[in-house]
Amino acid sequence: MKTTFQITPEGYYGEFGGTYVPEKLQYCVKELQTTYLKVIESEEFKQEYMQLLQDYVGRPSPLYLAKRMSEKYGCKLYLKREDLNHTGAHKINNTVGQILLARKMGKRRIIAETGAGQHGVATATVCALMNMECVVYMGKTDVERQYVNVQKMKMLGAEVRAVTSGSMTLKDAVNEAINDWCSHPEETFYIIGSTVGPHPYPDMVARMQSIISEELKGQLMEKEGRDYPDYLMACIGGGSNAAGTIYHYLNDERVNIVLAEAGGMGVDSGKTAATIQRGKLGILHGSKTLVLQTPDGQVIEPYSISAGLDYPGIGPMHANLAKQHRATVLAINDDEALDAAFELTRMEGIIPAIESAHALGALPKMKFKPTDVVVLTVSGRGDKDIETYLKHFGE
Ligand SMILES: *Cc1c(COP(=O)(O)O)cnc(C)c1O
């Protein structure tokens, strides 16, 4: 049987995925499972979604041939510029889609989790746009670390709830958001920010982001005379920008997929977020996937310089792609990502998000042929990371 990398009707990618939620949530998750495809495949949804992506988000995002970097790495390197989207990253593609779905389902109250605050801002933005109530859960540690994004969310009209359980970071914010959903299942829609969580979230978020590879097909055809690249490269936190980048190429064996996870201080240092290399099979936030955990199953707090990649799990789609050897997964450490961020800044005049810099940090580890067409997704812009960059400037 030919392996496919698509999801099964039960929400599995190989052995990963599924729906592992408390009893109280089963009805809501089921409602979402039976509704999402009907809605997002309807003409009405597609039209409104595409219109907003164009006029509000600013799509299509450009596909830019980075000439100096191409020369350095001995290939034709194209950058997919998700950093140019409204709110500064790919996250808005997903929140626009999910809020339209929420409205269609008659929900008036939106909740979300956020780590660095990027997904929180993208959610608060679409809630302002659609005049919906918005509550964002954020670990107290992150609230303190991400002052500007917290203020932006408040300005946009969202209520930011600081989470004081556990390590007071992203995984705890997700737990609290799930608790909230359990307590108000009827009126609440939970907008998850990445390809994680119970089915149908990984598939739903991947579909919302698949606009990235849909655009790539046309853009590559125009620039290269063929609609596929030799390599696709992206960073992975939960996996959504990568999922969007590879979505329409999953079954195209001519296309090599390279994913960059956060090595932190090194995969063997104990301070890492390299979930695919260091994780074990477990259940996290409603999904069976690879999880950073102790031998007795306690979740280990991940570490990365990049708040957006600092997650102890990984999307089930990506766990499966790694297991099936469809994707090559490299761990990029903090220092490698920082070097890559400065390199892009100085060679192309683009300051990338520190998350995206992990994908760039994989370039020196690759062996390309001069004719190879490489597409690397710059998932976001670096404005939010300026403090981090300045701290390391000149090191
Ligand atoms: C959130 C974020 C990521 C990581 O999330 P994915 O779901 O893995 O894409 C990457 N880059 C940026 C700029 C982000 O804001």
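Residues numbered from 1 in each chain as written. Predicted model: local features only at pLDDT ≥ 70, side-chain atom pairs only at ≥ 80, totals over all residues. Heavy atoms only, no water.

1. A short note on the overall build of the chain
Here's step 1: A count of helical and extended segments in the chain gives 16 helices and 14 strands.
Here's step 2: Here the chain has a C-alpha radius of gyration of 19 Å; the compact-globule value for 395 residues is 21 Å, and the two agree.
Here's step 3: Its C-alpha atoms put the chain at 55 × 45 × 45 Å along the principal axes.
Here's step 4: Counting the 395 residues in the chain, one finds 61% classified as buried.
Here's step 5: Residue pairs in contact within the chain that sit at least 24 positions apart in sequence constitute 74% of those at least 6 positions apart.
Here's step 6: Element-wise, carbon and sulfur atoms account for 51% of the exposed surface of the chain, whose accessible area totals about 16100 Å².
Here's step 7: Here the chain contributes 42 positive and 48 negative side-chain charges, whose respective centroids are spaced 2 Å apart. (Helix = DSSP H or I, 4+ residues; strand = E, 2+ residues; numbered from the N terminus. Rg over C-alpha atoms; globule rule 2.2 N^0.38 Å. Buried < 20%, exposed > 50% of the residue type's maximum accessible area, 1.4 Å probe, protein only. Contact = heavy atoms within 4.5 Å. Areas by Shrake-Rupley, 256 points an atom, 1.4 Å probe, with all protein chains shown as cover. Lys, Arg positive; Asp, Glu negative; His and termini not counted. Charge placed at Lys NZ, Arg CZ, Asp CG, Glu CD.)

2. A look at the sheet that holds strand β14 (residues 373-378)
Here's step 1: Taken together, the six strands give an open sheet; going across it, the order is β3-β4-β14-β9-β10-β13, and neighbouring strands pair in mixed fashion. Two strands in the sheet have a free side with no partner beyond their single neighbour: β3 (63-65) and β13 (327-333). Put simply, the sheet's adjacent strands are angled 25° from each other on average, direction ignored.
Here's step 2: In terms of strand pairing, strand β10 (residues 256-264) meets β13 through seven bridges, oriented parallel. The partner of Ile-257 across the bridge, within β13, is Ala-327.
Here's step 3: Contacts from helix α14 (residues 334-348) reach β3, β4 (76-81), β10 and β13 within the one sheet, and its direction differs from that of β13 by about 95°. (Pairing = 2+ DSSP bridges. Axes fitted to C-alpha atoms, helices over the stretch in contact; angles between N-to-C directions.)

3. A short note on the environment of Val-378
Here's step 1: In this structure, Val-378 sits in strand β14.
Here's step 2: Residue classification places Val-378 among the buried residues on the basis of a relative accessible area of 0%.
Here's step 3: A C-alpha to C-alpha distance of 5.8 Å links Val-378 and Lys-80, two positions 298 residues apart in sequence.
Here's step 4: For Val-378, the contacting residues outside a window of four places in its chain are Leu-79, Lys-80, Arg-81, Glu-82, Asp-83, Pro-352 and Ser-356.

4. Describing unusual backbone geometry
Here's step 1: The residue after Arg-59, namely Pro-60, is reached through a cis peptide bond having omega 0°.
Here's step 2: Mapped onto the elements, Pro-60 comes out in the loop between α2 (43-57) and β3.
Here's step 3: Across the junction of His-199 and Pro-200, the peptide omega takes the value 15°, indicating a cis bond.
Here's step 4: With respect to the helices and strands, Pro-200 occurs in the loop between β8 (188-191) and α9 (201-209).
Here's step 5: One non-glycine residue, Met-168, adopts positive backbone phi at about 60°.
Here's step 6: Backbone geometry places His-285, a non-glycine residue, at a positive phi of 50°.
Here's step 7: Relative to the assigned elements, His-285 resides in the loop between β11 (280-284) and β12 (287-291).

5. Thoughts on the packing of helix α5 (residues 118-130) against helix α7 (residues 147-155)
Here's step 1: α7 packs onto α5 with a crossing angle of 15° between their chain directions and a minimal axis gap of 9 Å. If you check the angle between α5 and α7, you find them roughly parallel. Between α5 and α7 lies a crossing whose hand is left-handed. Between α5 and α7, the contacting residues are Gln-118, Gly-120, Val-121 and Ala-124 on the first element and Asn-149, Lys-152 and Met-153 on the second. (Parallel < 35°, antiparallel > 145°, perpendicular 65-115°, else oblique. Left-handed = near helix turned anticlockwise from the far one by under 90°.)

6. Some remarks on the site of the ligand
Here's step 1: Around the ligand sit 18 residues, and of these Lys-91, Ser-194, Gly-239, Ser-240 and Ser-379 come closest.
Here's step 2: Lys-91 is positioned such that a nitrogen or oxygen atom in its side chain is 2.7 Å from an oxygen atom of the ligand.
Here's step 3: A distance of 2.5 Å is found between an oxygen atom of the ligand and a side-chain nitrogen or oxygen belonging to Ser-194.
Here's step 4: Burial of the ligand by the surrounding chains reaches 96%, relative to a free accessible area of 380 Å².
Here's step 5: Its residues placed into classes, the shell around the ligand shows five nonpolar, 11 polar and two charged.
Here's step 6: Each of domain 1 (27-52 + 91-205) and domain 2 (59-89 + 210-393) contributes no fewer than three residues to the shell around the ligand. (Near = heavy atom within 4 Å. Polar contact = N/O pair within 3.5 Å; in protein donor to acceptor, adjacent residues only side chain to side chain. Nonpolar A, V, L, I, M, F, W, Y, C, P; charged D, E, K, R; others polar. Domains from an automatic or database assignment.)

Function cannot be inferred from these measures alone, as they are strictly geometric.
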